[in-house]
Amino acid sequence: MARRPAEKKLAKYQSMRDFAKTAEPSGAKAPAHAPASKKTSFVIQKHAARRLHYDFRLELDGVLLSWSVPKGPSLSPGERRLAVRTEDHPLDYASFEGIIPQGQYGGGTVVVWDRGTWTPEGNAEEMLKKGRLTFTLDGEKLHGRWHLVKTKPQGKQEGWLLFKGRDDAANDEIDITEKRPESVITGRTVEEITANPDRVWQSNRIAEPTVAEKRAARFAGAKAKVSKAHASVKHKPAANQNELLALVDQLPLGFKLTNLDKVLYPEQGTTKGELIAYLAVVADWMLPHVAKRPLTIVRCPEGRGKPCFFQKKVLPGSPAAIKPVKIAEEDGEIVDYMQVNDMPGLVALAQLGTLEIHTWGAHADNPEKPDLAVFDLDPDVGLGWDKVALAAFDMRRRLNDLGLTSFVKTTGGKGLHVVVPLERRVDWEDFKEFTKLVVEQMEREEPALYTTNMAKRARTGKIFLDYLRNGRNATFIAPYSPRAREGAPVAVPITWEELANGVDPAAFTMTSVPKRLAQLDDDPWKDMSTVKQSITAAMWRAVGRKGSR
């Protein structure tokens, strides 16, 4: 009996692999022919084999037509990317994500970088024969019109060019492969999966949990207990306090906690154990804004009110959960700054007596390219909170007029931070210059309300618009960080609606914030990670400078 068309097409694929050794699907049960005119699936798999490349696959006639794209797809219509035709793959390969064993064809790590549906503009089989395939993608990362055009052969393989059509989904500025490296199935990157070589990650079967996952489960269980105990100490009965400290001491951290009963906030009698419990409870909310950023901390080993000091470098004897970030100082010396990436890292900072966590406006993987601008609205003594709130809304309007979306947080003090996420496109010099021009424009237009002069005498009756948080090596208080101030206040992200309806920043404390988070339906900054914006030439002109450097 003759083999079905799809099975014949997969003969080469099957001959190149030993399915007793690799977890890739064999395609032994290839589905029947699907009509060429039907809207069908596509997948792009990022593949760290001998050389990193992207496998671009289109479903047609019961298989996945496949091209290897060394540089990956580009959203710029002017970028023609080489695409080398490879063997057809089975349809169930579209969900494969994991590690192909070394020694097998294509040995290395695979993630599902994008997936969705594709629609050919005409008869796909005829277009393939003519060597020009035009189609629309509707994926999680890629959209709009695309072209595959046949060119000269690459050795024995067919050479094609993959490029974006000119439409609303085209973009000449964003490098989509750099901006969105993660899997659309698991959220993991190639590097994260490669770091777990003991496990083949597959989305179509349940794998045994790794050591890391078992540890994460222990974290979750311990954190839940700590959260419950934390809520039972508002009047701090001795029994509840002792229970909390005992649970904190059992957190699976990988390092020893000491002096949990040491009082760090004498006015409230708040202990180191309670600080650690607070950080464990808010970690999931805090880490997206703190993890993998260079830090500066305020350490108060003997508690608030006693001598405190700033620290930015990793010191000998620090817990291993505090990771180094190599950064060049102004004199050229390379030093290890601090970063934390998980809940044990936050707890490790508290173990050192840290009462404040401040972050850079850049990530540790590229500290010379900032990605978060912070405008600090600092009112003169005696100015009411309503004046600060109105100033924040004024800044929001001005930023919106420039084309920039902004967010707001309390600072644990009398001011507000207006925060602007940005793509990593300019250096620190331009970054700081842009924020300086924004606030200077506000000062020129409303000199009775605002000042950019740091001098105390210049602030009388005004709000100081501090742009200096946006310089290299400058930092700002992290979201959900406590402050080394009476009352154990906390810097808290809020919505613009909350600010309009009236909030009392003094009400956000280490005691109240966990309760607030438990009652929220959504993260006030839930949209921040989806905002894609950068400083454009038009924005430079709008704030008074012709063009960018």
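Residues numbered from 1 in each chain as written. Predicted model: local features only at pLDDT ≥ 70, side-chain atom pairs only at ≥ 80, totals over all residues. Heavy atoms only, no water.

Caption draft 1: Spatial organisation of the overall build of the protein chain. Scanning the protein chain from terminus to terminus reveals 14 helices and 23 strands. Within the protein chain, buried positions represent 53% of all 549 residues. Of the roughly 25,500 Å² that the protein chain leaves accessible, carbon and sulfur atoms contribute 51%. (Helix = DSSP H or I, 4+ residues; strand = E, 2+ residues; numbered from the N terminus. Buried < 20%, exposed > 50% of the residue type's maximum accessible area, 1.4 Å probe, protein only. Areas by Shrake-Rupley, 256 points an atom, 1.4 Å probe, with all protein chains shown as cover.)

Caption draft 2: View of unusual backbone geometry. Notably, Asn259 is not glycine yet its phi reads approximately 55°, a positive angle. Positionally, Asn259 belongs in the loop between α7 (238-249) and β10 (263-265). Look at Lys292: it is not a glycine, yet its phi comes out positive at around 60°.

Caption draft 3: The packing of aromatic side chains, seen in detail. Applying the stated criterion across every chain, the model contains 12 aromatic pairs. Pairing Tyr337 with Trp360 gives two aromatic rings, centres 5.8 Å apart and planes at 85°, and the pair type is edge-to-face. Within this pair, whereas Tyr337 is found in strand β15 (residues 334-339), its partner Trp360 is found in the loop between β16 (354-359) and β17 (372-379), the two being separated by 23 residues in sequence. Residue classification places Tyr337 among the buried positions, given a relative accessible area of 0%. Taking the centre distance of 5.2 Å and the plane angle of 50° together, the rings of Phe393 and Trp496 count as tilted. With Phe393 in helix α10 (residues 385-402) and Trp496 in helix α12 (residues 496-501), this residue pair connects regions lying 103 residues apart in the sequence. Classification of Phe393 as partly exposed rests on a relative accessible area of 26%. Here Trp496 falls in the buried class, since its relative accessible area comes to 7%. Counting every residue linked through ring pairs, the aromatic cluster contains Phe56, Trp67, Trp118, Phe135 and Trp160. Here Arg545 stacks its cationic end above the ring of Trp540, 3.7 Å away from the centre of that ring. (Phe/Tyr/Trp six-rings, centres within 6.5 Å; stacked < 30°, edge-to-face > 60°. Lys NZ or Arg CZ within 6 Å of the ring centre and 35° of its normal.)

Caption draft 4: View of the state of the cysteines. Within this structure, the stated rule accounts for 1 disulfide. Between Cys300 and Cys308 runs a disulfide, and the two sulfur atoms are separated by 2.1 Å. On the sign convention where negative is left-handed, the bridge of Cys300 and Cys308, at about 120° about the S-S bond, is right-handed. The class of Cys308 is partly exposed, set by a relative accessible area of 36%. (Disulfide = S-S within 2.5 Å.)

Caption draft 5: Spatial organisation of the pairing of strand β18 (residues 407-410). The side-chain alternation of β18 yields two buried faces, one formed by Phe407 and Lys409 and the other by Val408 and Thr410. Summarising the sheet, β18 and strand β19 (residues 416-421) pair through 4 bridges and their orientation is antiparallel. Looking at β19, one finds that Phe407 is bridged to Val419. (Pairing = 2+ DSSP bridges.)

Caption draft 6: Summary view of the confidence of the model for the protein chain. On average, residues of the protein chain score 86 in pLDDT, and 83% of them are at 70 or above. Low pLDDT, under 50, characterises residues 30-37; the stretch is placed with 17 contacts to residues that sit more than four places away or in other chains. Within the model, pLDDT remains below 50 along residues 198-208, and this stretch shows 24 contacts once partners closer than five positions in the same chain are excluded. (pLDDT = per-residue confidence, 0-100. Contact = heavy atoms within 4.5 Å.)

Caption draft 7: Geometry of the side chain of Thr411. By the element assignment, Thr411 lies in the loop between β18 and β19. Reaching out from Thr411, the side chain makes a polar contact with the backbone nitrogen of Gly413 at a distance of 3.2 Å. The contacts of Thr411, once residues within four sequence positions are left out, are Leu416, His417, Ile477, Arg483, Arg485 and Ala491. (Polar contact = N/O pair within 3.5 Å; in protein donor to acceptor, adjacent residues only side chain to side chain.)

Caption draft 8: Spatial organisation of the sheet that holds β19. Judged by pairing direction, the sheet is mixed, and its 6 strands sit side by side in the order β20-β21-β17-β19-β18-β23 without closing on themselves. Edge positions in the sheet fall to β20 (450-451) and β23 (493-494), since each has one partner strand and no second. Here β18 pairs with β23 via 2 bridges, running antiparallel. Its bridge partner being in β23, Lys409 is matched across the sheet by Pro493.

Caption draft 9: Looking closely at the pattern of salt bridges. A full pass over the atoms with the stated rule returns 30 salt bridges. We note a salt bridge from Glu356 to Arg483, for which the minimum N-O separation is 3.2 Å. Placement of the pair is Glu356 in strand β16 and Arg483 in the loop between β22 (476-477) and β23, with a sequence separation of 127 residues. Taken as a pair, Glu356 and Arg483 share a single burial class, namely buried. Note that Arg398 is salt-bridged to Asp394, the shortest N-O span being 3.1 Å. Placement of the pair is Arg398 and Asp394 together in helix α10, with a separation of 4 residues, close to one helical turn. Note on accessibility: Arg398 and Asp394 belong to one class, buried. By sharing partners, the salt bridges in this structure join Asp394, Arg397, Arg398, Asp401 and Glu445 into a single network. (Salt bridge = Lys/Arg side-chain N within 4 Å of Asp/Glu carboxyl O.)

Caption draft 10: The arrangement of helix α9 (residues 343-351) in detail. Within α9, 9 of the 9 residues are buried, which leaves the element mostly enclosed by the surrounding structure. Between a side-chain oxygen at the N-terminus of α9 and the backbone nitrogen of Gly345 the separation is 3.0 Å; the capping residue is Asp342. With its phi angle positive at about 85°, Gly353 sits one or two positions after the end of α9.

Caption draft 11: Here's a closer look at the packing of helix α8 (residues 272-290) against α9. At their nearest, the axes of α8 and α9 sit 8 Å apart, and the two run at 135° to each other. Our classification of the angle between α8 and α9 gives oblique. Judged by the twist between their axes, the crossing of α8 over α9 is right-handed. Taken together, the residues of α9 that come into contact with α8 (itself represented by Lys272, Leu275, Ile276, Leu279, Ala280, Ala283, Met286, Leu287 and Val290) are Met343, Leu346, Val347, Ala350 and Gln351. (Axes fitted to C-alpha atoms, helices over the stretch in contact; angles between N-to-C directions. Parallel < 35°, antiparallel > 145°, perpendicular 65-115°, else oblique. Left-handed = near helix turned anticlockwise from the far one by under 90°.)

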